[in-house]
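# Understanding the architecture of this molecule
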Amino acid sequence: MDYRDIFLKSTDSTNRVARELGEQGGVHGSGVFADTQTGGRGRLGRAWFSPPGKNLYCSYLVRPDIALAEYPKLTMVAGVAAAQCLQEICTIPVGLKWPNDLYIKSRKCGGILCESSLAPGDSFGVIGIGINCNLSDSDLPEELKDIATSVLIESGVAIDPKKLFVRLRDTLLGAVRDFEKQGFSKILTRWNRFDAFRGTHMTWVREDGKAVAGISLGPDLDGSLVVQDSDGNRHKVISGDVTLAGSVA
Ligand code: BTN
């Protein structure tokens, strides 16, 4: 396939570069890889820790054959692909936390930031993936030590980020194809196999800033997370942050 990949020593954010690639007509599946990011972006406006050389920072441009309303589900499609690919490589269980945080044991080792440009007839998605590959504990800043980890720390497997970039694209584009052909329910079934938090107590912070506690019942067919509070009421979490109860980040 004739991908036009871009390899950079340093950039502010591979998502920003991939969006430009999309605006310039880049082909489905093309990727942007950087050794380091000076303004790596996480979900909910957070910064993404992006030190040089040791991790994967990349973004893929996708032009899926789906309705515009289905674009938000790409984030879970990407989660399934990343978890599957990572688990094959490191051979220890990898979990997902809704919507698409990658977990090994009880700490986060990767995250996904999906963005889209939804002009009818010329729409595209940008799937940005960051995976902590070869960090050691001492590389992690104090504020991340308890919540973040890397594949090397947990499995002892050292990963070449560039090789992972290529392999991950294959898995991701396969999952996007499955989504196009089979719909979201099959993706959801696969996502559920990686769900590390189903049945656990969660706290979620709604858009209005209010924190509500309950038990995660897992994601729904519309991609939202269903949480049951102590009165038995079910709530759908569409956006906002979900944390383990008692540890609101
Ligand atoms: C999150 O869990 O908050 C999402 C993190 C996504 C980070 C990746 S690193 C490559 C790409 N470029 C960015 O600026 N962000 C994503």
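Calculation notes
Residues numbered from 1 in each chain as written. Predicted model: local features only at pLDDT ≥ 70, side-chain atom pairs only at ≥ 80, totals over all residues. Heavy atoms only, no water. Helix = DSSP H or I, 4+ residues; strand = E, 2+ residues; numbered from the N terminus. Rg over C-alpha atoms; globule rule 2.2 N^0.38 Å. Buried < 20%, exposed > 50% of the residue type's maximum accessible area, 1.4 Å probe, protein only. Near = heavy atom within 4 Å. Polar contact = N/O pair within 3.5 Å; in protein donor to acceptor, adjacent residues only side chain to side chain. Areas by Shrake-Rupley, 256 points an atom, 1.4 Å probe, with all protein chains shown as cover. Salt bridge = Lys/Arg side-chain N within 4 Å of Asp/Glu carboxyl O. Pairing = 2+ DSSP bridges. Right-handed = clockwise from strand over helix to strand, strands pointing away. Domains from an automatic or database assignment. Contact = heavy atoms within 4.5 Å. Buried area = accessible area lost by both parts, 1.4 Å probe.

Across its full length, the protein chain carries 5 helices and 12 strands. At 17 Å, the protein chain has a C-alpha radius of gyration in line with the 18 Å of a compact globule built from 249 residues. Across its three principal directions, the C-alpha atoms of the protein chain cover 55 × 45 × 35 Å. By residue count, 50% of the 249 residues in the protein chain fall in the buried class.

This brings us to the site of the ligand. Close to the ligand lie 20 residues, the nearest being S13, Q37, R41, R43 and K108. S13 has a polar side-chain atom sitting 2.7 Å from an oxygen atom of the ligand. Coverage of the ligand by the protein amounts to 98% of the 420 Å² it exposes when considered alone. Listed by contribution, the elements that provide at least two residues to the shell around the ligand are α1 (14–23), β3 (56–62), β6 (107–119) and β7 (122–131).

Our next topic: the pattern of salt bridges. Evaluated as defined, the whole model comprises 17 salt bridges. Note that D12 and R16 form a salt bridge whose closest N and O atoms lie 3.0 Å from each other. Between K73 and E70 there is a salt bridge whose closest N-O contact spans 3.2 Å. Beyond isolated ion pairs, a larger network of salt bridges with shared partners links K105, R107, D137 and E154.

The subject of this paragraph is the pairing of strand β1 (residues 6–11). Taken residue by residue, a regular strand's side chains alternate between the two faces of the sheet. Where β1 and strand β2 (residues 31–37) come together, 5 bridges link them in parallel fashion. Pairing of T11 across the sheet is with Q37, part of β2. Following the backbone out of β1, through α1 and into the adjacent parallel β2, one traces a crossover that is right-handed.

Attention now moves to the side chain of R169. Examined against the element boundaries, R169 turns out to sit in helix α4 (residues 161–182). Judged by relative accessible area, which is 4%, R169 ranks as buried.

The next subject is the domain arrangement of the protein chain. With domains assigned, the protein chain is organised as domain 1 (6–194) and domain 2 (200–247). Here the C-alpha centroids of domain 1 and domain 2 sit 23 Å apart. Tallying the contact residues gives 12 residues for domain 1 and 15 residues for domain 2. Looking only at domain 1, the three residues that lose the most surface to domain 2 are K97, W98 and L188, adding up to 53% of its buried area. On the surface where domain 1 and domain 2 come into contact, there are 0 salt bridges.

Let us now look at unusual backbone geometry. Between W98 and P99 the backbone carries a cis peptide bond, its omega angle lying at 0 degrees. With respect to the secondary-structure elements, P99 resides in the loop between β4 (95–97) and β5 (101–104). Here K105, not a glycine, exhibits a phi torsion of approximately 50 degrees, which is positive. Looking at where K105 falls in the secondary structure, it is placed in the loop between β5 and β6.

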